[in-house]
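# A closer look at the structure
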Amino acid sequence: MKSAIGVLVAGAMAASLTETNAFAFQSTQQTLNRAKATSIQMSSGDGDSSSLRIMVNGMPGPMATAAAEACLRKGLSLSPIAMTGPDIEPSTITVSDDVTGNSAEVRLIPASDEGREDIVSSLAGLRESVGAENVLAIDYTHPSAVNANGVFYAENKLPFVMGTTGGDREQLMSDMESRDAFAVIAPNMGKQIVAMQAGLEDLAEKFPSAFAGYKLEVTESHQKTKADTSGTAKAVIGSLKTLSDDDFDLEEDIKMLRDDESSLAFGVPEDAMNGHAFHTYTLTSSDGSVQFQLQHNVSGRTVYAEGTADAVKFLASKVKSGMEGKVFSMIDVLSEGALE
């Protein structure tokens, strides 16, 4: 599996003096095993993490499961209970990390009214056992559950990392801030992509309208099970709109690819059909003579899962610091050097 974020700059001038410049952010991540091995080495000295219990909600979904495996890989312990979809039967699953051999059994409780009561009761016992400040949650559930789950975490004083995209994000932020909740909320958990987003935000702040008159086009491809528009795309588009003054409509103008044929034609490897995030943003001058292109392409889920585990460790340190509840972004996590 590979993730790609990098820079390619090309320019050419035809005899007609029509100039075309293109750049694309692309780089190749190390192989999956090397990336996993590195994260183990870097997390080996995290003595404070052994007392944490992380409730990973959304299993047995692939992203939630990948996040749970990454937690085990980084020396974190999983909560023995977790929320699953309201229509999923209760069950106990075994989560295993192939690199370290660490594993844990987790009882999945449906997020029905009755199930939530069971979760609250189980949380009380877990907190009594390990300490309230040591229990945190990760959410990779469904866009339709984002707001309700956020309120549930906040009202139960459960610090959480919201990896699920979608929902009403403004309402989510308002609900968390009004309840003084501890949370990391971000559209993307990958370190390199977060750094790229931060760079674009800075560029837009320093040079607004630098691309005035340019037309913005965006295509994003994800696995067919992703229900919503890419949250990462929305964040990047925000910066590009500031740079270009384009009237790009987030709901109407993003070209979403959610079928294998279209994704393959877009350049997604066949073995990444079940888990990928490919994005291309194109800015074209009004006369068509100049074009800039930005790409970030990720195959697999490892880069997000590892970033999520780092985010929950960062959040735990904030909870234990004694500060008031606060909503953090992944840029906050990156700025403190908490992404390994």
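Notes on the structure follow. (Residues numbered from 1 in each chain as written. Predicted model: local features only at pLDDT ≥ 70, side-chain atom pairs only at ≥ 80, totals over all residues. Heavy atoms only, no water.)

### Considering the sheet that holds strand E8 (residues 103–110)
Strand order in this open sheet of three strands is E6-E8-E7, and the pairing throughout is mixed. In the strand order of this sheet, the two ends are held by strand E6 (81–84) and strand E7 (91–96), each with one partner. Averaged over all adjacent pairs, the angle separating strand axes in this sheet is 40°, with direction ignored. Note: E6 against E8, four bridges, orientation parallel. Bridge pairing in E8 links Met83 to Ile109. (Pairing = 2+ DSSP bridges. Helix = DSSP H or I, 4+ residues; strand = E, 2+ residues; numbered from the N terminus. Axes fitted to C-alpha atoms, helices over the stretch in contact; angles between N-to-C directions.)

### Regarding the side chain of Thr164
When you line up the elements, Thr164 lands in the loop between strand E10 (160–162) and helix H5 (169–178). What makes Thr164 buried here is its relative accessible area of 6%. A polar atom in the side chain of Thr164 sits 3.5 Å from the backbone nitrogen of Tyr140. When neighbours within four sequence positions are excluded, Thr164 is seen to be in contact with Asp139, Tyr140, Thr141, His142, Pro143, Val146 and Arg169. (Buried < 20%, exposed > 50% of the residue type's maximum accessible area, 1.4 Å probe, protein only. Polar contact = N/O pair within 3.5 Å; in protein donor to acceptor, adjacent residues only side chain to side chain. Contact = heavy atoms within 4.5 Å.)

### Focus on the layout of surface pockets
A volume near 960 Å³ is recorded for the largest pocket. Lining the largest pocket are 45 residues; nearest its centre among them are Met63, Tyr140, Thr141, His142 and Thr164. In terms of residue class, the lining of the largest pocket is built from 19 nonpolar, 22 polar and four charged. (1 Å grid on protein atoms, 1.4 Å probe; cavity = no way out; pocket = protein on both sides within 12 Å on 5 of 7 lines; lining within 4 Å. Points joined across faces, edges and corners; volume = space filled by probe spheres on them. Nonpolar A, V, L, I, M, F, W, Y, C, P; charged D, E, K, R; others polar.)

### A closer look at the pairing of strand E15 (residues 291–299)
Counted residue by residue, E15 has seven buried out of nine residues, so it is predominantly covered. Alignment of strand E14 (residues 276–284) against E15, held across nine bridges, turns out to be antiparallel. The residue of E15 that forms the bridge with Thr280 is Gln295. Counting the residues in the hairpin turn of E14 and E15 gives six residues, including Gly288, whose phi is positive at 80°.

### Description of the environment of Gly58
Here Gly58 is to be found in the loop between strand E4 (53–57) and helix H2 (62–73). Sequence-wise, Gly58 and Thr164 are 106 residues apart; in three dimensions their C-alpha atoms are separated by 9.3 Å. Leaving out residues up to four positions away in the same chain, Gly58 has contacts with Ala64, Met83, Tyr140 and Thr141.

### Here's the deal with the sheet that holds strand E9 (residues 135–139)
Here we have six strands laid out as an open sheet, ordered E5-E4-E9-E10-E11-E16, and parallel in their pairing. Bordering the open sheet on either side are strand E5 (77–78) and strand E16 (327–328), each of which pairs with just one other strand. Two elements, E4 and E9, share five bridges in a ladder whose sense is parallel. Residue pairing in the sheet places Val56 in a bridge with Ile138 of E9. Sitting on the sheet, H2 is in contact with E4, E5 and E9, with an inclination near 165° to E4. Its contacts with the sheet put helix H9 (residues 302–320) on E4, E9, E10, strand E11 (183–185) and E16, and the angle it makes with E9 is roughly 145°.

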